[in-house]
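One letter stands for each residue in the lines below.
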Amino acid sequence: MSAVCAPTPQGTGSVPTSGSLPRGFVARLAAETKSCDGGTTLIGTTTGRLVHLRAEAAQALDGRRVEVVDGVTAALARLLLDRDLAHPSWDRPGVDDEVRDVTVVVPVRDRALQLARLLEALPAGIATIVVDDGSLDEVATARLAREFGARLVRHPSSRGPAAARNSGLRQVTTPYAVFVDSDVVPVPGWLGSLRRHFDDPRVGLVAPRVLGIEQADGATWLHRYEAVRSSLDLGATPAAVHPHGRVAYLPSAALMVRCTAYGSGFDESLHVAEDVDLVWRTHEAGWRVRYEPAALVRHEHRTDVSHWLSRKAFYGTGAALLAARHGEAVAPMVLAPWTAALTVVLLAQRRWSLPVAAVICALTTLRISRRLSRSSRPVATAATLTAVGAVATLHQTASALTRHYWPLAVAAALVSRRARRALLVAAVADGLLDHRRTKPDLDPLRYLAARRLDDLGYGTGVWLGAFRGRSAGALRPALRGFDFRH
């Protein structure tokens, strides 16, 4: 049988023109979606998205869910999914044994013990391809593939994880494939929870939540920090994935793909951020990309501080490569004119800063309200959208000061009392609020220190990548000209 998942030179495959959701498909409003005007206005309180519904569509919402039973409900579900206001929903957990049209692709270089653990955890009978990317002990890898009934593909020398994944996909004959790194341990239900997302014909990629492998008593502070703040763990809330979204990327530690959306596959010239690049190219081609935390896998996180920091810096170097390919998608800050003004005014820390900030927010609320003629409460709705934007602005400013722009922030703090105060408030407030949100098994002081080390490592990598690439693209803010998104 010929491969159906082989990378193609022309790029990512085309999205189905109809994209009709099947009968019985359910979309449920996201927890952060607010219903106003008797259900005819929906606001994404973390995204700034706003949708006005006709009375017929509003009535089709059964509480906070819509089930596809006809053309109206199909169109409504599609609208809510595409605007990040709702997520797919199911009444029962995913069942791995029901999945028969997915092939597991495992890129590996040595790591025999981890590979054996992974293959043992896969559902019985699932098609599996092991890609040996130049292992020194090729005999051990071949023996394990044979023992667990997996097909073996071998690179005589290491070509990198991107090439290994592409080589594996060339051998796939099922309509879907899932990449799983050798140091990952799937949790039962993961495969079924991922596969059912492809009932939506416009979904091209979906990934599970990646948690650390549970540690016995005596876990270090870094174990405990990584348990809630790993770069691979994207949180407990489902999300549509796109640049500058609440979830902006998916890690390739575990990633399911629709073969017709795979296109040219991973960019084999990239040895960092190749997964982010694939996700963004898939999104740019018009496919939907989703994050599903109900599907769980566990991963061996790094627990040596020096290795952890160097890995964070390595990830940071990928920002320059992404900026060269995707431009503003990698921008550390996204600002509209009013949020840019709000940022400058608050950072100025003058006596007039708070009054001027209040005036900016009031004028923005007035401006937005004039564009909400279909709302019965335009001022209240506009105030909600302005508050969403203001809070997001404060958050991204604090994050930028302590992460992407920390060298500039530290340099300014050496000569300016106001800069020192801004940096200190940003560093402490960001860390403590994050501690409250993540609820780690770690006291606030050590969590705060770990958070700042995390940002220090990543930010250093961003600057190193910018220096190597002779480009400030990864450090340049993006300016947008609208207040909210319909």
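Use the structure listed above.
Residues numbered from 1 in each chain as written. Predicted model: local features only at pLDDT ≥ 70, side-chain atom pairs only at ≥ 80, totals over all residues. Heavy atoms only, no water.

### Details of the packing of helix H13 (residues 406–413) against helix H15 (residues 444–469)
Packing of H13 against H15 leaves a shortest axis separation of 9 Å and a crossing angle of 105°. As far as their axial angle goes, H15 and H13 are roughly perpendicular. Contact with H13, carried on its side by Trp406, Pro407 and Leu408, involves Asp455, Leu456, Gly459, Thr460 and Trp463 of H15 and no other residues of that element. Along the lines of polarity and charge, the residues of the contact of H13 with H15 split into five nonpolar, two polar and one charged. (Axes fitted to C-alpha atoms, helices over the stretch in contact; angles between N-to-C directions. Helix = DSSP H or I, 4+ residues; strand = E, 2+ residues; numbered from the N terminus. Parallel < 35°, antiparallel > 145°, perpendicular 65-115°, else oblique. Contact = heavy atoms within 4.5 Å. Nonpolar A, V, L, I, M, F, W, Y, C, P; charged D, E, K, R; others polar.)

### Structural notes on the pairing of strand E15 (residues 288–299)
Relative to E15, strand E11 (residues 184–186) runs antiparallel, the two being bridged by three bridges. In the sheet register, Val185 faces E15, and the bridge partner there is Arg298. Relative to E15, strand E12 (residues 203–212) runs parallel, the two sharing nine bridges. Residue pairing across strands places Leu205 opposite Val289, the latter belonging to E15. The pairing of strand E13 (residues 239–240) with E15 spans two bridges and is antiparallel. Residue pairing across strands places Ala239 opposite Tyr291, the latter belonging to E15. (Pairing = 2+ DSSP bridges.)

### Let's talk about helix H11 (residues 353–369)
The end-to-end C-alpha distance of H11 is 24 Å, a good match for the 24 Å that 17 residues give at a rise of 1.5 Å each. Those residues of H11 lying buried are Ser353, Ala357, Ile360, Thr364, Thr365, Ile368 and Ser369. Down the axis of H11, the buried set is contained in an arc of 160°. They therefore lie on one face. Here the buried face of H11 lies against helix H10 (337–348) and helix H12 (378–402). (Expected span 1.5 Å × (residues − 1). Buried < 20%, exposed > 50% of the residue type's maximum accessible area, 1.4 Å probe, protein only. Arc of directions from axis to C-beta.)

### Some words on the packing of aromatic side chains
Throughout the structure, instances matching the rule amount to nine aromatic pairs. Aromatic pair Phe25 and Trp90: ring centres 6.5 Å apart, planes at 75°, arrangement edge-to-face. Of this pair, Phe25 sits in the segment before strand E1 (26–29) while Trp90 sits in the loop between strand E6 (86–89) and strand E7 (102–108), and the two are 65 residues apart along the sequence. On the basis of an interplanar angle of 40° and a centroid distance of 6.5 Å, the ring pair of Phe314 and Tyr315 is categorised as tilted. Judged by relative accessible area, which is 30%, Phe314 ranks as partly exposed. Aromatic rings pair up to connect Trp221, Tyr225, Trp308 and Tyr447 into one cluster. Positioned above the aromatic ring of Tyr458, the side-chain terminus of Arg403 is 4.1 Å from the ring centre. If you follow Arg470 out to its NZ or CZ, it ends over the ring of Phe467, 4.7 Å from the centre. (Phe/Tyr/Trp six-rings, centres within 6.5 Å; stacked < 30°, edge-to-face > 60°. Lys NZ or Arg CZ within 6 Å of the ring centre and 35° of its normal.)

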